[in-house]
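Survey of secondary and tertiary structure
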Amino acid sequence: MKNYIIITVIVVNIVAIGVYYYMSNKVYETTDNALIEGNIESVKSGVSGYVQEIRFNDNQTIQKGDTLIVLDTIALTAKLKQAEAALEQAKANKEISKLKFHSNLQQINKYENDILAREQNIVVSRANLEKAQKNYNRIKELLNQKGTTQQNFEDATNQLEICKANYEQTLEEQKSLHSTLEAEKTNTESGNSEISANAALIKQKEAELELAQQELKHAFIIAPFNGIATKRAVQYGQYISTGQTLLALVDNRNFWVVANFKETQLAKMKTGQRVKISIDAIPTLKLEGAVESFAGATGAKFSLLPPDNATGNFTKIVQRIPVRIKINDVPSTEKEKLFPGLSVSVRINTDQQ
């Protein structure tokens, strides 16, 4: 009887413990289909050229702003100086055009004043001509009446011819001034267009100079962030082309977890829920985190050949959804042991609202 009681107590305890663990684990969703992710950037060349210096070793920890690779800058420096000279020449041409334009304006003002002055000369010449014509007519009539001498008539005739010549000369000079004035106005309009063209050329040369400066700047490959420089793909003296991959830079300070949960596990899962993280490579390290976001589609939809259930025979396969998990504080002594791609197991508490 005593043994029966003992066995009964043991069975009841086992059942109670089993029920407890079942009820406790019922609010958790777990998966080992998860890994650590991080920023990995392929550092590419912005210009073409020969590798002059390599200032890092493979798998070396580097800091943001460190110069990793230096390309030969002789051709790029020469291009920069040419661009600077071309810009200075364009600015000088614009100044010359402006001086010519203002000179043309002054000439136009001068010719307009001359034309006004010539108008007075024309009035005077016309008056002299009219006076000489009247004097000629009077003396001619007197000569017909024998009231004057032949000499007086010849003098009047000569004076009339002189006044006619002066009047015609004044008209020709005025006409010439008008033609010159129109030519100067045309030159002024052309000069104004030339100033605009030189202004546009200056903008073009400034853009070329900025491009040359950027190309020279790209000859120095700079680390965009702190991390580990790895997968070096160049050697000293090698010629590289624009856009060629030089190395990979791994951000070793910012990590997160991507866990692929079955679609049947998502019913109670929400952002902000607490997560416990275990890393296969570091069994003693237990991290905590929180659900940050859910992918916009199943993992299969991002594959090279996504499945299409509308074709062929249908076989139902449980899909998985990538879930991004934020990692809370990691001890500084352990952070150097974390790498993107490490396998982890996660446990999400879905009891949180």
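Since the model is a prediction, treat every value here as computed from it, not as a measurement. (Residues numbered from 1 in each chain as written. Predicted model: local features only at pLDDT ≥ 70, side-chain atom pairs only at ≥ 80, totals over all residues. Heavy atoms only, no water.)

**Comments concerning the overall build of the protein**
Each helix and strand counted, the protein has four helices and twelve strands in total. For the protein, with 353 residues in total, the buried portion stands at 30%. For the protein, contacts bridging at least 24 residues in sequence account for 81% of all contacts bridging at least 6. For the protein, the exposed surface amounts to about 22,900 Å²; the carbon and sulfur share of it is 52%. (Helix = DSSP H or I, 4+ residues; strand = E, 2+ residues; numbered from the N terminus. Buried < 20%, exposed > 50% of the residue type's maximum accessible area, 1.4 Å probe, protein only. Contact = heavy atoms within 4.5 Å. Areas by Shrake-Rupley, 256 points an atom, 1.4 Å probe, with all protein chains shown as cover.)

**Remarks on the environment of Ala207**
Note that Ala207 resides in helix H3 (residues 150-218). On the basis of relative accessible area, Ala207 is assigned to the partly exposed category, the value being 42%. Here the alpha-carbon distance between Ala207 and Leu87, two residues 120 residues apart in the chain, equals 9.5 Å.

**Focus on the sheet that holds strand E7 (residues 239-240)**
Spatially, the four strands line up as an open sheet ordered E5-E4-E2-E7, and their pairing is antiparallel. Whereas interior strands pair on both sides, the edge strands pair on one side only; in this sheet they are strand E5 (220-222) and E7. Summarising the sheet, strand E4 (residues 67-71) and E5 pair through three bridges and their orientation is antiparallel. From the neighbouring strand, Thr67 faces E5, where its bridge partner is Ile222. (Pairing = 2+ DSSP bridges.)

**Quick word on the confidence of the model for the protein**
Reading fine detail from the predicted coordinates is not recommended where pLDDT is low. With 82% of its residues at a pLDDT of at least 70, the protein reaches an overall mean of 82. Element-level pLDDT for the protein is lowest in helix H1 (residues 2-25), with a mean of 58, against a maximum mean of 94 in E4. (pLDDT = per-residue confidence, 0-100.)

**Looking at the packing of aromatic side chains**
Counting across every chain of the model gives one aromatic pair. Ring centres of Tyr50 and Tyr239 lie 5.0 Å apart, and the angle between their planes is 65 degrees; this geometry places the pair in the edge-to-face category. Of this pair, Tyr50 sits in strand E2 (residues 49-54) while Tyr239 is found in strand E7, placing the two residues 189 residues apart along the sequence. Classification of Tyr239 as partly exposed rests on a relative accessible area of 44%. Sitting above the plane of the Tyr28 ring, Arg347 keeps its charged end 3.8 Å from the centroid. (Phe/Tyr/Trp six-rings, centres within 6.5 Å; stacked < 30°, edge-to-face > 60°. Lys NZ or Arg CZ within 6 Å of the ring centre and 35° of its normal.)

**Examining the side chain of Ser45**
By the element assignment, Ser45 lies in the loop between strand E1 (28-44) and E2. A relative accessible area of 4% means that Ser45 is categorised as buried. Looking at Ser45, its side chain comes within polar contact range of the main-chain oxygen of Val47, at 2.3 Å. The residues touching Ser45, leaving out its near neighbours within four places in the chain, are Leu71, Ile240, Ser241, Thr242, Gly243, Gln244 and Leu246. (Polar contact = N/O pair within 3.5 Å; in protein donor to acceptor, adjacent residues only side chain to side chain.)

**Thoughts on unusual backbone geometry**
Here Asn59, not a glycine, exhibits a phi torsion of approximately 70 degrees, which is positive. Among the secondary structure elements, Asn59 is positioned in the loop between E2 and strand E3 (60-62). Look at Asn59 and you get exposed, because its relative accessible area is 53%. You will see that Lys231, though not glycine, has its phi angle at about 55 degrees, which is positive. By the element assignment, Lys231 lies in the loop between strand E6 (227-230) and E7. Its relative accessible area of 64% is what places Lys231 among the exposed residues.

**Some thoughts on the pairing of strand E12 (residues 343-349)**
Bridge analysis of E1 against E12 gives six bridges, and the strand direction is antiparallel. In the strand pairing of E12, Thr31 is matched with Val346. In this structure, strand E9 (residues 274-279) lies alongside E12, joined through five bridges in antiparallel fashion. Across the sheet, residue Lys276 finds its bridge partner in E12, namely Arg347.

**Remarks on the pairing of E6**
Pairing geometry for E3 and E6, over three bridges, is antiparallel. Its bridge partner being in E6, Ile62 is matched across the sheet by Gly227. In this structure, E6 lies alongside strand E8 (residues 245-262), joined through three bridges in antiparallel fashion. Bridge pairing in E8 places Thr230 opposite Ala248.

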